[in-house]
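Results of the structural survey
What follows is each chain in one-letter form.
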Amino acid sequence: MARSAKPKKEIPMEEALWNAANKLRGPVEPAEYKHVVLSLFFLKFASDKFQKQRQKLIDEGYESQIEKTFAYTKDNVFFIPEESRWSYIMENAKQDDIALKIDTALYTIEKNNPALKGALPDNYYSRLNIDTSKLASLLDEIDKINTSDEENDIIGRVYEYFLGKFALAEGKGKGEFYTPKCIVNLIAELIEPYKGKIYDPCCGSGGMFVQSVKFIESHQGNTRDISIYGQEYTNTTYKLAKMNLAIRGISANLGEQAANTFTNDQHKDLRADYIMANPPFNQKEWREANELVDDPRWDGYEVPPTSNANYGWILNIVSKLSQDGVAGFLLANGALSDDGTELKIRKQLIENNLVEAIIILPRNLFYTTDISVTLWILNKNKKKRTVEHNDKILNYRDRQREILFMDLRQMGSPYEKKYIELTEDDRAKVAETYHNWQLEGCEETYENVPEFCYSASYDEISEKGFTLVPSRYIEFINRDENIDFDTKMKQLQSELKDLLIQEEQSKKDLLSVFKELGYEIEL
């Protein structure tokens, strides 16, 4: 009687990715880890979705349809030929030609799915020359990853993990490849992109789009009411975005090729209803001194300085907004108070009534940087108006001479040990505060709250030299004045005593273990 197979042990993604990286040490450069693992991860992800759909067809009595492509593509699932299925790869993991089998699997999937054209590596694993046993061990680690988390942009998350751990030089301080789900959801909950054109000028792995679609679906919206436009500079990341969106059945126009948004704009005539973006933080030398000086995107504004692209991104976003367009994007905190040309542009933005809200986020939200960053909300129409939105009639008040400042640095919960995420309750509080502030009758529903929010007038902002640093407006309480020194010292005394007792006990336990092993340590 044949033994039943042991159930596969699934482990946390972080642990699996770390183990996978360890399998690649030696024959592969650390900066290459992400590419080696990602395509295998994609292969497993696509196969798992295929197998789930296959089982669903069987359970519903459509077993005769399980080898028909349409039975899968109708639900935005790739049909995976047998030689490309993860189960086939694992069955042959120890064969000498496994690298060729992986390349063939990826080629076959791309060939049979037009949405993946140009997205998958060509003859990549055969050229890596990884030892068969190492490649088999790597496959074993990938096999342990649970790919069923449909709520997260896990392909983007895998990519960002490898950037943070092994290729930091490529993404240091940028955070442009994967924006955590909680931040994307916060932006979506604030700007509410339910219907119209959505644009991301630096879309990275496409995570903004993935989470936006999930947000629309979770709020009973219709994804057919939106159209998606994006652009990405790095070719490998452009391919990744196509892979990420295709596997989820998301149609998007990412331009004809990977290209620099500033020097080769793929969507010159686009006017978007919603813009969501996470540009590279403090990007240096983004244009030559004599380059783009007459670019129409700067019309009416100072030309952004060559030393930092932050205001180049802002003006690119402004130029793409439709008449009633709204944008939510992230920037490093320095953009709030930079002097010189940046100050002139910031003043122009404020005077043109474009800045709606400035929100400081907590630290440690990203894999690749631990800095606190700012969420900017721009709105082309802050005038009083009535809008039908999601079956509701909303009466917006005139906010042209006001900006809402919020500080979220006391919010957030621990996530994966060293990171922070904004919880659903955190986001709900922020969104409710923001929307209450926007609407007629806000006198009853909105109030300035110390250390959280403040609605500043144009005159206040002008008096402070057009800085947008929230702490210049939000009231903060000096808790140091209320500290009882004696009480605090006694508390620290007690905590230190406990630590020293624990240390002494650990020392005794360690000496006892060595003594029992016959290697007593004499002190």
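Please read these numbers as outputs of a predicted model, since none were measured by experiment. All residue numbers refer to positions counted from 1 along the written sequence of the respective chain. Local features are withheld for residues below a pLDDT of 70 in this predicted model, meaning they are given only at 70 or higher, and side-chain atom pairs are given and counted only at 80 or more; totals for whole chains, interfaces and linings count all residues. Side-chain figures throughout are based on the complete set of non-hydrogen atoms in the structure, without hydrogens or water.

**Observations regarding the overall build of the protein**
- Each helix corresponds to a stretch of at least 4 residues labelled H or I by DSSP, and each strand to a stretch of at least 2 residues labelled E; elements are numbered beginning at the N terminus. Within the protein, the regular secondary structure consists of 18 helices and twelve strands.
- Restricting the calculation to C-alpha atoms gives the radius of gyration, and the globule rule supplies 2.2 Å times the number of residues raised to the power 0.38. Here the C-alpha atoms of the protein give a radius of gyration of 27 Å, agreeing with the 24 Å that 2.2 N^0.38 yields for 523 residues.
- In terms of overall dimensions, the protein has C-alpha extents of about 80 × 70 × 55 Å along its principal axes.
- Note on classification: 1.4 Å probe, protein chains only; a residue is buried when its accessible area is under 20% of the maximum for its type, exposed when over 50%, partly exposed between these limits. Counting across all 523 residues of the protein, residues that qualify as buried make up 50%.
- Within the protein, counting contacts between residues at least 6 apart in sequence, those at least 24 apart form 72% of the total.
- As presented, the protein carries roughly 26200 Å² of accessible surface, and 46% of it is formed by carbon and sulfur atoms. Residue contacts are defined here by distance: any two heavy atoms, one from each residue, within 4.5 Å place the two residues in contact. Calculation of accessible area relied on Shrake-Rupley with a 1.4 Å probe; when residues are assessed, cover is drawn exclusively from the protein chains displayed.

**Some words on empty space enclosed by the protein**
- Grid spacing is 1 Å over the protein atoms alone, the probe is 1.4 Å, and a cavity is where that probe fits but cannot get out, while a pocket is an open set with protein on both sides within 12 Å along at least five of seven lines and lining residues have an atom within 4 Å of a point. Grid points are joined across faces, edges and corners, and a volume is the space filled by probe spheres set on the points. For the structure shown, the criterion picks out two cavities of 30 Å³ or more.
- Empty space within the second largest cavity amounts to approximately 40 Å³.
- As for the second largest cavity, its lining consists of Ile350, Asn353, Val355, Lys382, Gln400, Arg401, Glu402, Ile403, Tyr458 and Ile461.
- Nonpolar residues are Ala, Val, Leu, Ile, Met, Phe, Trp, Tyr, Cys and Pro. Charged residues are Asp, Glu, Lys and Arg, and all others, Gly as well, are polar. Counted by class, the lining of the second largest cavity contains five nonpolar, two polar and three charged residues.

**Observations concerning the packing of aromatic side chains**
- Stacked, tilted and edge-to-face are the three classes assigned to paired rings of Phe, Tyr and Trp, where Trp is represented by its six-membered ring and a pair needs centres within 6.5 Å; plane angles under 30 degrees give stacked, over 60 edge-to-face, the rest tilted. Throughout the structure, instances matching the rule amount to 14 aromatic pairs.
- With 4.3 Å between their ring centres and 15 degrees between their planes, Phe405 and Tyr473 make a pair best called stacked. Here Phe405 is found in strand E9 (residues 402-407), whereas its partner Tyr473 is found in the loop between helix H17 (458-463) and helix H18 (485-516), with 68 residues between them in sequence. Like Phe405, the residue Tyr473 is buried in the burial classification.
- A ring has a charge above it when a Lys NZ or an Arg CZ is no more than 6 Å from the ring centre and no more than 35 degrees off the ring normal. One Lys or Arg, Arg401, reaches over the ring of Tyr458 and ends 3.9 Å from the middle of that ring.

**Concerning the sheet that holds strand E4 (residues 321-332)**
- Paired strands are those between which DSSP finds at least two bridges. Read across the sheet, eight strands follow the order E2-E1-E3-E4-E6-E5-E9-E12 without closing on themselves; strand pairing throughout is mixed. Lying at the two open borders of the sheet, with one neighbouring strand each, are strand E2 (226-230) and strand E12 (453-457). Across the sheet, the mean angle from the axis of one strand to that of its neighbour is 15 degrees, orientation sign disregarded.
- Pairing analysis gives five bridges linking E9 to E12, with the strands arranged antiparallel. Bridge assignment links Glu402 to a residue of E12, and that residue is Ser457.
- With axes taken as lines fitted to C-alpha atoms, and helix axes fitted only over the stretch in contact, angles between N-to-C directions fall between 0 and 180 degrees. The strands touched by helix H11 (residues 207-218) are strand E1 (196-200), E2 and strand E3 (272-277); relative to E2, the strand with the most contacts, the crossing angle is about 165 degrees.
- Packing of helix H13 (residues 310-320) onto the sheet brings it into contact with E1, E3, E4 and strand E6 (373-379), and relative to E4 it is tilted by some 160 degrees.

**Topic: a nonpolar patch on the surface**
- Together, Leu510, Val513, Phe514, Leu517, Tyr519, Ile521 and Leu523 give the surface a local cluster of nonpolar side chains, amounting to about 770 Å² of exposed area.
- With respect to the helices, strands and loops of the structure, Val513 is situated in helix H18.
- Among the residues examined, Val513 registers a relative accessible area of 43% and is labelled partly exposed. Residues form patches when they are more than 30% accessible in relative terms and have no salt bridge. Like charges link within 9 Å. Nonpolar side chains (Val, Leu, Ile, Met, Phe, Trp, Tyr) link within 5 Å. Here, a salt bridge means any side-chain nitrogen of Lys or Arg that lies within 4 Å of a carboxyl oxygen of Asp or Glu.

**Describing the environment of Ala20**
- As for its placement among the helices and strands, Ala20 is situated in helix H1 (residues 13-24).
- When its relative accessible area of 0% is taken as the criterion, Ala20 is described as buried.
- Along the chain, Ala20 and Gln438 lie 418 residues apart, while their C-alpha atoms are 48 Å from each other.
- The residues touching Ala20, leaving out its near neighbours within four places in the chain, are Val37, Leu138, Glu141 and Ile142.

**Regarding the pairing of E2**
- Within E2, four of the five residues are buried, which leaves the element mostly enclosed by the surrounding structure.
- Note: E1 against E2, five bridges, orientation parallel. The residue of E2 that forms the bridge with Asp200 is Gly230.
- Handedness of a crossover: with both strands directed away from the viewer, a clockwise path from the first strand across the helix to the second marks it as right-handed. Between the parallel pair E1 and E2, the chain is carried across by H11, and the sense of this crossover is right-handed.

**Topic: helix H5 (residues 98-112)**
- Spanning 15 residues, H5 covers 21 Å between terminal C-alpha atoms, matching the ideal 21 Å at 1.5 Å per step.
- Looking at the buried residues of H5, the elements they touch are helix H2 (33-59), helix H4 (86-91), helix H6 (124-128) and helix H7 (132-143). The span expected for a helix works out to 1.5 Å for each residue beyond the first.

**Observations concerning the layout of surface pockets**
- For the largest pocket, the calculated volume is near 560 Å³.
- As for the largest pocket, its lining consists of 28 residues, of which Glu192, Tyr274, Val387, Glu388 and His389 are closest to the centre.
- Tallied by class, residues from the lining of the largest pocket come to eight nonpolar, ten polar and ten charged.
- If you add up the space inside the second largest pocket, you get close to 440 Å³.
- Around the second largest pocket, the lining comprises 17 residues; the ones closest to its centre are Asn76, Val213, Glu217, Arg248 and Gly249.

**A few points about the nonpolar core**
- Of all hydrophobic cores here, the largest spans 58 residues; its most connected members are Val36, Phe42, Ile102, Leu116, Tyr125 and Leu138.
- Broken down by element, the residue count for this core peaks at twelve residues, all from H2.
- With 52 residues, the next largest nonpolar core counts Val184, Val326, Tyr434 and Tyr446 among its residues. Residues belong to a common nonpolar core when they are buried Ala, Val, Leu, Ile, Met, Phe, Trp, Tyr or Cys residues joined through side-chain atoms within 4.5 Å.

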